[in-house]
Amino acid sequence: MKRARTILFIIVLSAVTAGITASKSLRGLNNLYMTVSTRVTINMASRLITMATTSPYRNFATTATQPTVNAGRPLYTSVTLTWVTIGGVPYTYDAPSGLPWTSTLVYDDEGQ
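Residues numbered from 1 in each chain as written. Predicted model: local features only at pLDDT ≥ 70, side-chain atom pairs only at ≥ 80, totals over all residues. Heavy atoms only, no water.

Q: Please provide a residue-by-residue account of the sheet that holds strand 1 (residues 31-42), values included.
A: Judged by pairing direction, the sheet is antiparallel, and its 4 strands sit side by side in the order 1-2-6-3 without closing on themselves. Two strands in the sheet have a free side with no partner beyond their single neighbour: strand 1 and strand 3 (68-70). This sheet shows a mean twist of 55° between the axes of neighbouring strands, independent of strand direction. Inspection of the sheet shows strand 1 paired to strand 2 (residues 45-58) by 11 bridges, in the antiparallel sense. When the bridges of strand 2 are listed, T41 appears paired with S46. (Pairing = 2+ DSSP bridges. Helix = DSSP H or I, 4+ residues; strand = E, 2+ residues; numbered from the N terminus. Axes fitted to C-alpha atoms, helices over the stretch in contact; angles between N-to-C directions.)

Q: Please set out a nonpolar patch on the surface residue by residue, giving values where relevant.
A: Among the surface-exposed residues, L8, V12 and V16 lie close enough to one another that they form a single nonpolar patch of about 260 Å² accessible area. Look at V12 and you get partly exposed, because its relative accessible area is 45%. (Patch = residues over 30% accessible without salt bridge, like charges linked within 9 Å, V, L, I, M, F, W, Y side chains within 5 Å. Areas by Shrake-Rupley, 256 points an atom, 1.4 Å probe, with all protein chains shown as cover. Salt bridge = Lys/Arg side-chain N within 4 Å of Asp/Glu carboxyl O. Buried < 20%, exposed > 50% of the residue type's maximum accessible area, 1.4 Å probe, protein only.)

Q: An account of unusual backbone geometry is needed here, citing residue identities and associated values.
A: A positive phi angle is found at N43, which is not glycine, with a value near 55°. Secondary-structure assignment places N43 in the loop between strand 1 and strand 2. Backbone geometry at M44 places phi at a positive 70°, although glycine is not the residue there. Take M44: it is sitting in the loop between strand 1 and strand 2.

Nothing here speaks to function; it is geometry throughout.
Listed below in structure tokens is the structure:
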């Protein structure tokens, strides 16, 4: 009986954690992405592609007194898995999707 309660407690705790995470994403609380251009070479063929990578900024504060900063470059809230053929081989990468984040004032990750 004690083992069943422990397992049930772990399941409930996992469900609560997943619910909190899901509600944050529904409210738009997420990390932002920035673009990086790189040259990819496969089978002696190369191509310059612009992919998305996680930026050191968020669109929400982690503390009540956290100041905003100016990112100085376009940031995006979402990415899309995209593919391109380079040298006859398909190559997949994350590309920024949608419009850039509308505010230039964002919150720094503060090394988190």
